[in-house]
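Coordinate inspection notes
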Amino acid sequence: MTAALVEEGALIPSAAVPRPGRRRRGRGPTDGPPRWQIYLPLGLYLLFTLVPFYWMLLFAVRPDGSTSLVPWPATGAHFDKVWNDRSFGIFFQNSMLVGVATLVLTTVVALSGGYALARFRFKGRTAFLIALLCSQFVPGALMLVPLFQIFRHLQLINSLWSVVISETVFQLPLSVILLSGFIRGIPEALEEAAWVDGCSRLRAFFAVVLPMLRPGLVAVGSFAFVHSWNHFLFALMFLSEQDKQTIPVGLNTLIGADSVDLGALAAGGVIAAVPVVVVFAFIQKWLITGFSAGAVKG
């Protein structure tokens, strides 16, 4: 019987039968690109991005007069100088207060405006959205004189609240648009079900909508915090006393007319970068989700 099957071609030679677990060499037409085509551009990008940070850290911990490319022996003299002698402790505290206050105000106001644009239909809604988009083309420098006059009448010059209000106003258009797009992605039927169960609109918002807005709130809040932390212009124009200055203005004071203390400047840059790096390290997942969801039209 075996001979008959062989004669009829029913038996396949063992060499032609693929063994289980044996992988075929080569890449098929549907396979992705080779790994080196992915890792090489990423490596070059990381090199281009991380070298300036390493250079800044090198100057911050390297003793004066040293030309070594390896920060050893390391010193903390530059950090002690900028933190204590150059009042960076006060600058750090002021920047943190401005950043947190801007984050809270921007998130609360943008949440209200975004919900109104996403859930209500009213006359002038399209024109309002267009105005929000157009406001992004206005540079902050053009608003310095009007803002200065307003804050002078309100007696807010040389107050951190002048910087907080300015930063909040300039962050609101983008924040409202992002949260509006994110709220559109939440089915309105969920709120209607809560209304049927006896919840008011406000209670349904806090019980149903707000928990699902966490990625969007993180995206908007982090964007507002980082922008206010790094912004230089408003703090320079509205704050005159040294004990009210923020970190960007404090870094500018380390640059003299004839010379620059590179060690102190690098140490101040490290102090300014650490909070932002830590924040993004913890919220990067929520940040990407929030921006991608808010950018999609519901």
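Look up: the structure comes first, before these words.
This write-up is about the structure you can find in this document. Here the structure is a predicted model, which means the values were calculated and not measured.

Definitions and limits used
- Residues numbered from 1 in each chain as written.
- Predicted model: local features only at pLDDT ≥ 70, side-chain atom pairs only at ≥ 80, totals over all residues.
- Heavy atoms only, no water.
- Helix = DSSP H or I, 4+ residues; strand = E, 2+ residues; numbered from the N terminus.
- Buried < 20%, exposed > 50% of the residue type's maximum accessible area, 1.4 Å probe, protein only.
- Contact = heavy atoms within 4.5 Å.
- Areas by Shrake-Rupley, 256 points an atom, 1.4 Å probe, with all protein chains shown as cover.
- Arc of directions from axis to C-beta.

Across its full length, the protein holds 13 helices and zero strands. Listing each helix as α and each strand as β along the protein from the N terminus yields α-α-α-α-α-α-α-α-α-α-α-α-α. The proportion of buried residues among the 298 residues of the protein is 32%. Summarising the internal contacts of the protein: among those between residues at least 6 apart in sequence, 73% fall at separations of at least 24. A total of about 18800 Å² of accessible surface is found on the protein, and carbon and sulfur atoms cover 67% of it.

Another aspect to go through is helix α6 (residues 144–153). Taken as a whole, α6 has its buried residues at L144, L147 and F151. Buried residues of α6, seen end-on, are gathered within an arc of 70 degrees and therefore sit on one face of the element. For α6, exposure combined with an orientation more than 90 degrees from the buried face picks out V145 and H153. In this structure, the buried residues of α6 make contact with α7 (160–184) and α11 (233–238). Q155 lies just past α6 and shows a positive phi near 60 degrees.

One can find V277 in helix α13 (residues 262–294). Given a relative accessible area of 52%, V277 falls into the exposed group. Taking the C-alpha atoms as reference points, V277 and V226, separated by 51 residues in sequence, lie 10.0 Å from one another.

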